[in-house]
Amino acid sequence: MAIYSLWVINKAGGLVYQRTFNEGLAPLTSNDALVLAGTLHGIHAITARLSPTGSSSGCQVIEAETFKMHVLLTATGTKFVLLTSPAEPLTNADLVLRRVYEAYADGVMKNPFHTPEMPIRSEGFDTRVAAIVKGA
Amino acid sequence: MTIYSLYIFDRHCTCVYYQDWHRTKRPRPASSGALLPGVSNAVSGQSDSQAGQRASLTPTGGVVVALGNGELDRMDGPTSMSTLSFDEEAKLVYGVILSLRQMVKKIAVKDDTLSNYRTSTYKLHLYETMTGYKFVILTDPNAESLRFALRQIYTGPFLDYVVRNPLMVMDSKEQGIDNEYFRAAVDRFVRGLSMYN
């Protein structure tokens, strides 16, 4: 059980925040991370269209053999992505994502010096995220 | 728990086989020439217009279930038509698994591969063979991983009726897996899974 990293993707598919907490995944260059975030944004939209019954959300959990990705899509189109070990329980990851969203709303969106859709540079948000992940 | 559909893609990115079971939102038939012949009786366009022929396929064809099987699985009333045609849908499925596979490769330290993903209404499972065939199955979101089942389809019916079949041209790029025995065996196998119902 480990949380590897957290990404925040804005509604246009740009990576606005990326942080690694534990080793266990390949280190990504910032360019690679941007490309992957964009890819995930596109995949998310396509997966919602592939539903064999009724309308569907986009992908919520993506599982590989050595890690898992949990995606939380907010009403405003921002995506919070958590990369964890495969053993991480679903409820726990969801809880972390919701708490991070809360921290984002408080520490980033309410910050008058933050430009929406731009990379997040906020020490307050950093510390809150670190505390949430540590407590999980 | 339900099982929606099964796709098999060859290493040339083309869909060579399709079968579905509890699907309520059906794809529009593929436009002519967009899909290899023999991939599926349900969505290949020509046979879809002939309802009589469809019914005669009952014991083996994938179509059947959508016609007759219980109200239980109908989540949103009568069968509705998807806005996607089948060939477009198959391309999207392939595109998604290909991109996700590459993404997983980049993120993981050692060799890793995508095993499944889940949305609010379905879960997609992937099994890839050494020869580049990709078996994809769509199920209920609460299903456990079905890779073992896909592997069994590969080692069982696929090897028996397709690979070891001298009349079957592998990698033909012109013909899907058009074999009634294979279709029937896959159908039997899927219906036998505890996930099915």
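Residue numbers run consecutively from 1 along every chain, following the written order of its sequence. All chains are assigned letters beginning with A, and all ligands numbers beginning with 1, in the order in which they are written. In keeping with the predicted nature of the model, local features appear solely for residues at pLDDT of at least 70, side-chain atom pairs appear and are counted solely at 80 or more, and the whole-chain, interface and lining totals rest on all residues. By convention in this description, side-chain values take in all heavy atoms of the structure and omit both hydrogens and water.

Identification of chain B as Trafficking protein particle complex subunit from Dacryopinax primogenitus is taken from an unreviewed UniProt entry. In its Subunit (unreviewed entry) section, UniProt records this for chain B: "Part of the multisubunit transport protein particle (TRAPP) complex." UniProt positions are given in the numbering used here, feature names are shortened, and annotations may be inferred rather than shown by experiment.

Naming follows an unreviewed UniProt entry, where chain A appears as Trafficking protein particle complex subunit of Dacryopinax primogenitus. Per UniProt, chain A has the following entry under Sequence similarities (unreviewed entry): "Belongs to the TRAPP small subunits family. TRAPPC4 subfamily." The Subunit (unreviewed entry) comment attached to chain A in UniProt states, word for word, "Part of the multisubunit transport protein particle (TRAPP) complex."

Asker: I tried to follow the overall build of chain A on my own but got confused; where do I start?
Answerer: For the purposes of this entry, the term helix denotes a DSSP run of H or I that reaches at least four residues, the term strand denotes a run of E that reaches at least two, and both are numbered from the N terminus. When you go through chain A residue by residue, the secondary structure sums to three helices and five strands. Helices (α) and strands (β) of chain A occur, in sequence order from the N terminus, as β-β-α-β-β-β-α-α. Type-normalised accessible area, obtained with a 1.4 Å probe on protein chains alone, sets the label of each residue: buried when under 20%, exposed when over 50%, and partly exposed for intermediate values. A burial count over chain A gives 46% of its 136 residues as buried. Summarising the internal contacts of chain A: among those between residues at least 6 apart in sequence, 50% fall at separations of at least 24. The Shrake-Rupley method, run with a 1.4 Å probe, gives the accessible areas here. Residue values count only the displayed protein chains as cover. As displayed, chain A has an accessible area near 6,400 Å², and 55% of this comes from carbon and sulfur atoms. We call two residues in contact when some of their heavy atoms are within 4.5 Å.

Asker: Mind showing me how you'd approach the pairing of strand S4 (residues 68-73) of chain A here?
Answerer: For a regular strand, side chains alternate in direction, first toward one face of the sheet and then toward the other. Residue and element names in this part refer to chain A. When you tally the buried positions in S4, you get five out of six residues, the bulk of the element. Relative to strand S5 (residues 79-84), S4 runs antiparallel, the two being bridged by six bridges. Residue pairing for S5: Val71 is matched across the bridge by Val81. For two strands to be treated as a pair, DSSP must find no fewer than two bridges joining them. If you look at the hairpin formed by S4 and S5, you'll find five residues sitting between the two strands, and Gly77 has a positive phi there, around 95°.

Asker: Teacher, can you tell me more about the pairing of strand S1 (residues 3-9) of chain B here?
Answerer: Residue and element names in this part refer to chain B. Where burial is concerned, most of S1 is hidden: seven out of the seven residues are buried. Here S1 runs beside strand S2 (residues 15-20); their pairing, made up of five bridges, is antiparallel. Counted as the bridge partner of Tyr7 is Tyr18 from S2. The hairpin turn running from S1 into S2, its antiparallel successor, is five residues long, and Cys13 in that turn takes a positive phi close to 70°.

Asker: Which parts of the structure should I look at to understand the interface of chain B and chain A?
Answerer: When the parts of a complex come together, some accessible area is lost, and that lost area is often used as the size of the interface. If you look at the interface, chain B gives 35 residues, while chain A gives 34 residues. As a working definition, buried area equals the accessible area (1.4 Å probe) given up by two parts on being put together, with both sides summed. Of the roughly 3,100 Å² buried between chain B and chain A, counting both surfaces, carbon and sulfur atoms make up 63%. Among the residues of chain B in contact with chain A, Met103(B), Ile107(B) and Arg118(B) are the three that bury the most area, contributing 22% of the side total. A pairing counts as a salt bridge when a side-chain nitrogen of Lys or Arg comes within 4 Å of a carboxyl oxygen of Asp or Glu. Linking chain B with chain A are two salt bridges, by the criterion used here. Between Arg147(B) and Glu65(A) there is a salt bridge, with its nearest N and O atoms 2.6 Å apart.

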